[in-house]
Amino acid sequence: MASVSRALAPKPSVEAIATGIAADGRARIAEALQDVLGASYRLLVKTQIHHWNVVGPLFHPIHVLTEAHYEDMFAAIDTIAERIRALGHPTAAPVIGTEMTKVTTMSAKELVEDLIADHEALCRSMRDAASEAEEADDIVTNDMLVARLTFHEKAIWMLRAVVAD
Ligand SMILES: [Fe+2]
């Protein structure tokens, strides 16, 4: 019975890991990645809402591009959350804000500009997390963030191209 009660006992939220990244470094990286995770989730939801509500002559290219973007972000969110777990920290459910509802009245150009601003903010947040990872010699997190930044910078380029005059 002792083993059962031990198995059911609450576990500490931060696990002891000896992979060569100091505990304080893992904590800082996990916190930064949690910001990235939340912002990625919010941008995924917003991208899908814009995908549904876009109207006008640019409907088709924006509808197709946003679908590619939310599908990529859906997979990436799982990767980011699992990296936080591999660093020994819990992942919290990101909060999706109620301000989402107002985006349904935007023009096609406005909603693309809205997405670009969020992609750019997310890039800055990822760069902050990459700095923490670099400081702690966490090349795995860095590698993941390089891939994510590559995606988001390309997404920004394509979104800009769609609404260029
Ligand atoms: Fe769709």
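Here, every reference points to the structure presented above.
This structure is a prediction, so every number in the text was calculated from the model and none was measured.

Asker: So what exactly am I meant to see when it comes to the overall build of the protein chain here?
Answerer: A count of helices and strands for the protein chain gives five helices and zero strands. Counting helices and strands in the order they occur from the N terminus, the protein chain gives α-α-α-α-α. Taking all 165 residues of the protein chain together, the buried fraction comes to 27%.

Asker: Even after reading the chapter, I still don't get the nonpolar core, so can you show me in this structure?
Answerer: Grouped burial of nonpolar side chains is what soluble globular proteins tend to show. Counting residues in hydrophobic clusters, the biggest one holds 21 residues, and the most contacted among them are Ile29, Leu33, Val36, Ile84 and Ala129. Elements that contribute at least two residues to this core include exactly α2 (23-53), α3 (59-86), α4 (108-135) and α5 (139-163). In terms of residue count, the dominant contributor to this core is α2 (eight residues). For Ala129, the residues in contact, after removing those within four places along its chain, are Ile29, Ala32, Leu33, Val36 and Leu145.

Asker: So what exactly am I meant to see when it comes to the environment of Arg28 here?
Answerer: Position of Arg28 relative to the elements: it lies in helix α2. Arg28 sits 105 residues away from Ala133 along the chain, and the two C-alpha atoms are 8.4 Å apart.

What counts, and where the lines are drawn
- Every chain is numbered on its own, with residues counted from 1 as its sequence reads.
- For this predicted model, a pLDDT threshold of at least 70 governs which residues receive local features, and a threshold of 80 or more governs which side-chain atom pairs are given and counted, while totals over whole chains, interfaces and linings are taken from all residues.
- Secondary structure is summarised from DSSP: a helix means a run of H or I of at least four residues, a strand means a run of E of at least two, and numbering begins at the N terminus for each.
- Our exposure labels follow a C-beta count within 10 Å of each residue's own C-beta, placed from the backbone: buried means 20 or more other C-beta atoms, exposed means 12 or fewer, and partly exposed covers the counts in between.
- Nonpolar cores are identified as sets of buried Ala, Val, Leu, Ile, Met, Phe, Trp, Tyr and Cys residues joined via C-beta atoms within 7 Å.
- For the purpose of contact definition, each residue receives a C-beta atom placed from its backbone, and two residues are in contact when these atoms lie within 7 Å.

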